[in-house]
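# Chain and residue survey
Each chain, written out:
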Amino acid sequence: MSQDDPRRAIPRTDDLLARPAVHEAAARLGADAVRWVVTTTQERARRGDIGPEAVAEVVESELAGRTALSLRPVLNATGILVHTNLGRAPLSAAARDAVHTAGGYVDVELDLSTGRRSGRGEAARAALLAACPDAEDALVVNNGAAALLLATAALAAGREAVISRGELIEIGAGFRLPELIESGGARLVEVGSTNRTHLVDYVDAVGEHTGCVLKVHPSNYRVEGFTAAVSVSELHQALPQTPVVADLGSGLLHPEPALPDEPDVSSALRAGAALVLVSGDKLLGGPQAGVLFGRADVVSRLRSHPLARALRVDKLTLAAIEATLVGPPPPVRRWLAADPDALRTRTERLATRLRDGGIDVEVVAHDGRVGGGGAPGFPLPGWALRVPVEVAAALRTGEPAVLARLHDGACLIDLRCVEEADDERLLTAVVVASGRP
Ligand SMILES: *Cc1c(COP(=O)(O)O)cnc(C)c1O
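The paragraphs below set out a description of the structure included in this document. As a convention, each chain's residues are numbered from 1 in the sequence order in which they are written. Totals for whole chains, interfaces and linings use every residue, but because this is a predicted model, local features are given only for residues with pLDDT of at least 70 and side-chain atom pairs only at 80 or more, for both listing and counting. Side-chain descriptors were evaluated using all non-hydrogen atoms of the structure, hydrogens and water having been removed beforehand.

All right, on to the overall build of the protein chain then. Secondary structure elements are defined from DSSP: runs of H or I of at least 4 residues count as helices, runs of E of at least 2 residues count as strands, and each element is numbered from the N terminus. Regarding its fold elements, the protein chain presents 18 helices and 17 strands. Dimensions of the protein chain along its principal axes, counting C-alpha atoms only, are 90 × 60 × 45 Å. Note on exposure labels: buried denotes an accessible area under 20% of the residue type's maximum, exposed denotes more than 50%, and partly exposed covers the range between, all computed with a 1.4 Å probe on protein chains only. Per-residue burial over the protein chain gives 45% buried out of 437 residues. Across the protein chain, the fraction of contacts at a sequence separation of at least 24, relative to all contacts at a separation of at least 6, is 74%. Of the roughly 21700 Å² of accessible surface on the protein chain, a fraction of 52% belongs to carbon and sulfur atoms. By the counting rule applied here, Lys and Arg register as positive and Asp and Glu as negative, while His and the ends of each chain are not counted. Lysine's charge is taken at NZ, arginine's at CZ, aspartate's at CG and glutamate's at CD. Placing the 46 positive and 56 negative side-chain charges of the protein chain at their respective mean positions leaves the two points 3 Å apart. We call two residues contacting when some pair of their heavy atoms lies within 4.5 Å. Areas reported as accessible are Shrake-Rupley estimates using a 1.4 Å probe. Residue values count occlusion only from the protein chains shown.

With that settled, consider the packing of helix α7 (residues 144-156) against helix α12 (residues 296-303). Working convention: axes come from line fits to C-alpha atoms, limited for helices to the stretch in contact. Angles between N-to-C directions cover 0 to 180 degrees. With their axes 9 Å apart at the nearest point, α7 and α12 run at an angle of 100 degrees to one another. Judged by the angle between their axes, α7 and α12 are roughly perpendicular. Contacts between α7 and α12 involve Leu150, Ala151, Ala154 and Leu155 from the former and Val298, Arg301 and Leu302 from the latter. Charged residues are taken to be Asp, Glu, Lys and Arg, nonpolar residues to be Ala, Val, Leu, Ile, Met, Phe, Trp, Tyr, Cys and Pro, and polar residues to be all remaining types, Gly included. Looking at the contact of α7 with α12 residue by residue, the class counts come to six nonpolar, no polar and one charged. Orientation categories follow fixed angle ranges, with anything under 35 degrees roughly parallel, anything over 145 roughly antiparallel, 65 to 115 roughly perpendicular, and all other angles oblique.

Moving on: the nonpolar core. It is characteristic of soluble globular proteins that their nonpolar side chains tend to be buried jointly. Core analysis: the largest hydrophobic core is formed by 35 residues, its most contacted members being Val162, Tyr202, Val265 and Phe293. Setting aside its immediate chain neighbours within four residues, Tyr202 contacts Val162, Ser164, Glu167, Val191, Thr197, Val213, Lys215, Val230, Leu235 and Leu239. Here, the term nonpolar core denotes a set of buried Ala, Val, Leu, Ile, Met, Phe, Trp, Tyr and Cys residues that are joined through side-chain atoms within 4.5 Å. Ranked by size, the runner-up nonpolar core spans 31 residues in total, among them Leu148, Ala274, Leu277 and Ala308.

Here, any two strands with at least 2 DSSP bridges between them count as paired. Where strand β2 (residues 80-82) lies against strand β14 (residues 362-371), two bridges are found, and the strand directions are parallel. Across the sheet, residue Ile80 finds its bridge partner in β14, namely Arg369. Pairing between β14 and strand β15 (residues 380-388): seven bridges, direction antiparallel. Of the residues in β15, the one forming a bridge with His366 is Gly382.

Within the open sheet, the seven strands sit side by side as β5-β13-β12-β11-β10-β6-β9. Their pairing is mixed. In this open sheet, the two edge strands, each paired with only one partner strand, are β5 (137-141) and β9 (187-191). Strand-to-strand, the axes of this sheet are offset by a mean angle of 25 degrees, without reference to chain direction. Bridge analysis of strand β11 (residues 244-249) against strand β12 (residues 275-279) gives four bridges, and the strand direction is parallel. Paired with Gly249 across the bridge in β12 is Val278.

Our focus in this paragraph is the sheet that holds β15. Across a sheet, strands are paired by hydrogen bonds formed along the backbone, either parallel or antiparallel in direction. Taken in spatial order, the six strands of this open sheet run β1-β16-β17-β15-β14-β2, and their pairing is mixed. Across the chains shown, the open sheet's two edge strands, defined by having one partner strand only, are β1 (74-77) and β2. When strand polarity is set aside, the average angle formed by the axes of neighbouring strands in this sheet is 40 degrees. Lying on the sheet, helix α16 (residues 340-356) is in contact with β14 and β15; it crosses β15 at an angle near 10 degrees.

Before going further, it helps to spend a moment on the environment of Pro330. In this fold, Pro330 is placed in the loop between α14 (315-326) and α15 (331-336). Among residues more than four places away in sequence, those in contact with Pro330 are Ser92, Leu284, Gly285 and Thr324.

A cutoff of 4 Å decides nearness: a residue is near a molecule or strand if any of its heavy atoms lies inside that distance of it. Around the ligand, a shell composed of Arg88, Asn143, Gly144, Ala145, Ile171, Leu177, His217, Ser219, Asp247, Gly249, Ser279 and Lys282 is seen. Polar contact is the term for a pair of N or O atoms within 3.5 Å; when the atoms are in protein, one must be able to donate a hydrogen and the other to accept it, and sequence-neighboring residues count only if both atoms are side-chain atoms. A distance of 2.8 Å separates an oxygen atom of the ligand from a polar backbone atom of Gly144. When the free accessible area of the ligand is taken as 380 Å², the share hidden by the protein chains comes to 93%. When contributions to the shell around the ligand are tallied by element, the ones reaching two or more residues are α7 and β11. In the shell around the ligand, the residues fall into three nonpolar, six polar and three charged.

With an omega of 0 degrees, the peptide bond between Glu399 and Pro400 qualifies as cis. Along the chain, Pro400 turns up in the loop between α17 (391-397) and β16 (401-407). Positive phi is not limited to glycine here, since Arg88 has a value of about 55 degrees. Turning to its location among the elements, Arg88 is positioned in the loop between β2 and α5 (93-102). Phi angles above zero are rare outside glycine, and Asp408 is one such case at about 55 degrees. Position of Asp408 relative to the elements: it lies in the loop between β16 and β17 (410-414).

Shown next, in the form of structure tokens:
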């Protein structure tokens, strides 16, 4: 390097690390990550990609606003309660606090009064049983698919699980329940047809090799027209010796008047199901989890199965489940019950403010949905702001990020799944996205 080589002007590592903005970023991101940004930027200057005088500025702008987490919060303006691409159910404030607490050392497997080891997840189990007194016992695993795998492996590995051809569903991303069940060692015996299955079909198929009968709720599609299905109650009455396993998916613990066709855990248990399976992050409104409710002897077989250890949940999930059930109703339950008139008032209020700012919007009737979590096609009447379709991309990439619904060549902004306290932020986001800051 000669005396007048411009590379001599590249700032030294120690000088860059000592700059206040860089020093502060190290507290958020760790020293190694910050040092990596510094050395790669110096490298760019040595290659001549940027001038030596720009190095400090480039380092600072690379680090500005960067945090250890790349996930970004999104305002869900789609009207879809359980939005798979947005992480399904958002946690209640109580459950978020619980996750924060559980992130440290906690007495998850310790009895502080005796100093001895205690059962894991006892508090979450107690909360589940208090919320669903029809269950004798409950067990939490990683997700709904894990619950189904554990149930069928424990009850029917090396034996047969009998299921209707109308219930052989794909749950998304190419994952099919039949393949999942067979991967656990149970052989599936399919009965009936896609649209009609009768009690006699099950009774003929059940025999000495049967481990369980499965009822899977088609939570993401509907078969309409000439159909027939057999209820849990009919199966239990006709086959009292065979455990009936009901995979309900969505996670309603009790009948929900707003969703008349959606099955619930208590009713399925009363009808005689030995086990009922639900997801934690659909209408239960909690974290990703699979919850198994059922008869004490059956749940106990599952708890001691080797797979139970592989499918168990961490302390964060146990904490979030407990707080979801013990605390105030989680967001998805509040939004399911949202009053259409109140939604209209909020929507009109935002529309007036936008029009005052010179932005042309319309208020239109818009149905919300439960989403991937259940009640396929069932409308939840509400309202939306209708803005030009081009606004959608600017909303997604703005701050805060807003996901709206694209429909009929327009961008629809539905307030159902937005906390009222966020209406101001949403308003600002729409103003900015409409190009009139
Ligand atoms: C959603 C669903 C599943 C899968 O549950 P995950 O929690 O997504 O693993 C299984 N069965 C039914 C009926 C479902 O609705």
